[in-house]
Amino acid sequence: MLLRPPGLLDAATLPHWPYAHALDQELTGRGIPPGAVRVERDYRREATMRLVLSWDASRCAGSGGIRLLWHDDTGWTHSLLRPDAAGAIPRGPLTALHRVFATPRDVAEVAGALVSRRFHRYRGDHHGEWEQAPQVRAAIAAFHLTVRAGTAG
């Protein structure tokens, strides 16, 4: 479970931290915590907020692992991790998750299906949006304004 932001970062510098925390709690509560979680600002994309949830081969059914990626502007994608730990095979958007801020329950359900390789559970459409999405969107927008003002000056 994530107890605090990674490294020396303050949660105030990560406006998407509440979403990461809610996801982590849901995944942990269902018994499928990711082995690695990264919560970061992607400076290459003008400070886009990003989450990376990874399950290696030891936590997954099958020969490799799975990685779920989230960007605040595009939502959820996934990739398959190679069994030899030599990288990942991008698979594209998680089409079952129709919202950028999909509910943690929906994300956990899709993650559980992918990690367990029970793909019949993945087929459902998950249209729900997380109830705190408007607040986190506003915090991200305010952060972007701050970054733009800092680079313009």
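Rules of the game
Residues numbered from 1 in each chain as written. Predicted model: local features only at pLDDT ≥ 70, side-chain atom pairs only at ≥ 80, totals over all residues. Heavy atoms only, no water. Helix = DSSP H or I, 4+ residues; strand = E, 2+ residues; numbered from the N terminus. Contact = heavy atoms within 4.5 Å. Areas by Shrake-Rupley, 256 points an atom, 1.4 Å probe, with all protein chains shown as cover. Salt bridge = Lys/Arg side-chain N within 4 Å of Asp/Glu carboxyl O. Buried < 20%, exposed > 50% of the residue type's maximum accessible area, 1.4 Å probe, protein only. Phe/Tyr/Trp six-rings, centres within 6.5 Å; stacked < 30°, edge-to-face > 60°. Expected span 1.5 Å × (residues − 1). Core = buried A, V, L, I, M, F, W, Y, C linked by side-chain atoms within 4.5 Å.

From N to C terminus, the protein chain includes 3 helices and 5 strands. Secondary structure of the protein chain in N-to-C order comes out as α-β-β-β-β-β-α-α. Here the analysis covers contacts within the protein chain between residues at least 6 apart in sequence; of these, 48% occur between residues at least 24 apart. When the accessible area of the protein chain is evaluated, it comes to approximately 8200 Å², of which 54% is carbon and sulfur surface.

Quick look at the pattern of salt bridges now. Using the criterion set out here, one finds 4 salt bridges in the structure. Here Arg105 and Glu109 are joined by a salt bridge, their closest N and O atoms 3.4 Å apart. Of this pair, Arg105 and Glu109 both sit in helix H2 (residues 104-116), separated by 4 residues, roughly a single helical turn. Looking at Arg105, the relative accessible area reads 46%, which means it is partly exposed. With its nearest N and O atoms 2.6 Å apart, the salt bridge here joins Arg137 to Glu129.

Glancing now at the packing of aromatic side chains. Scanning the entire structure with this criterion turns up 6 aromatic pairs. On the numbers, 5.3 Å between centres and 65° between planes, the contact of Trp70 with Phe101 is edge-to-face. Of this pair, Trp70 sits in strand S3 (residues 65-71) while Phe101 sits in the loop between strand S5 (88-93) and H2, and the two are 31 residues apart along the sequence. Looking at Phe101, the relative accessible area reads 1%, which means it is buried. The structure contains a cluster of three or more aromatic residues connected by ring pairs, namely Tyr19, Trp70, Trp76, Phe101 and Trp130.

Spacing of three or four residues puts side chains on the same side of an α-helix, whose turn is 3.6 residues. Along its 13 residues, H2 runs 18 Å from first to last C-alpha, staying within 8% of the 18 Å computed at 1.5 Å per residue. For H2, the tally of buried residues reaches 10 of 13 residues, placing the bulk of the element in the interior. Along its buried surface, H2 packs onto helix H1 (17-29), strand S2 (48-55), S3 and strand S4 (75-81). Arg117, located one to two residues past H2, shows a positive phi value of around 60°.

Relative to the helices and strands, Leu94 resides in the loop between S5 and H2. Taking C-alpha positions, Leu94 is 6.4 Å from His78, a pair spaced 16 residues apart along the chain.

Moving on, we come to H1. The end-to-end C-alpha distance of H1 is 18 Å, a good match for the 18 Å that 13 residues give at a rise of 1.5 Å each. Those residues of H1 lying buried are Trp17, Tyr19, Ala20, Ala22, Leu23, Asp24 and Leu27. One or two positions beyond H1, positive phi appears at Gly31, with a value near 80°.

A few words now on the nonpolar core. In terms of nonpolar packing, the biggest core is built from 34 residues, with Tyr19, Trp55, Leu68, Trp70, Trp76 and Phe101 touching the most fellow members. Those elements giving two or more residues to this core turn out to be H1, S2, S3, H2 and helix H3 (133-152).

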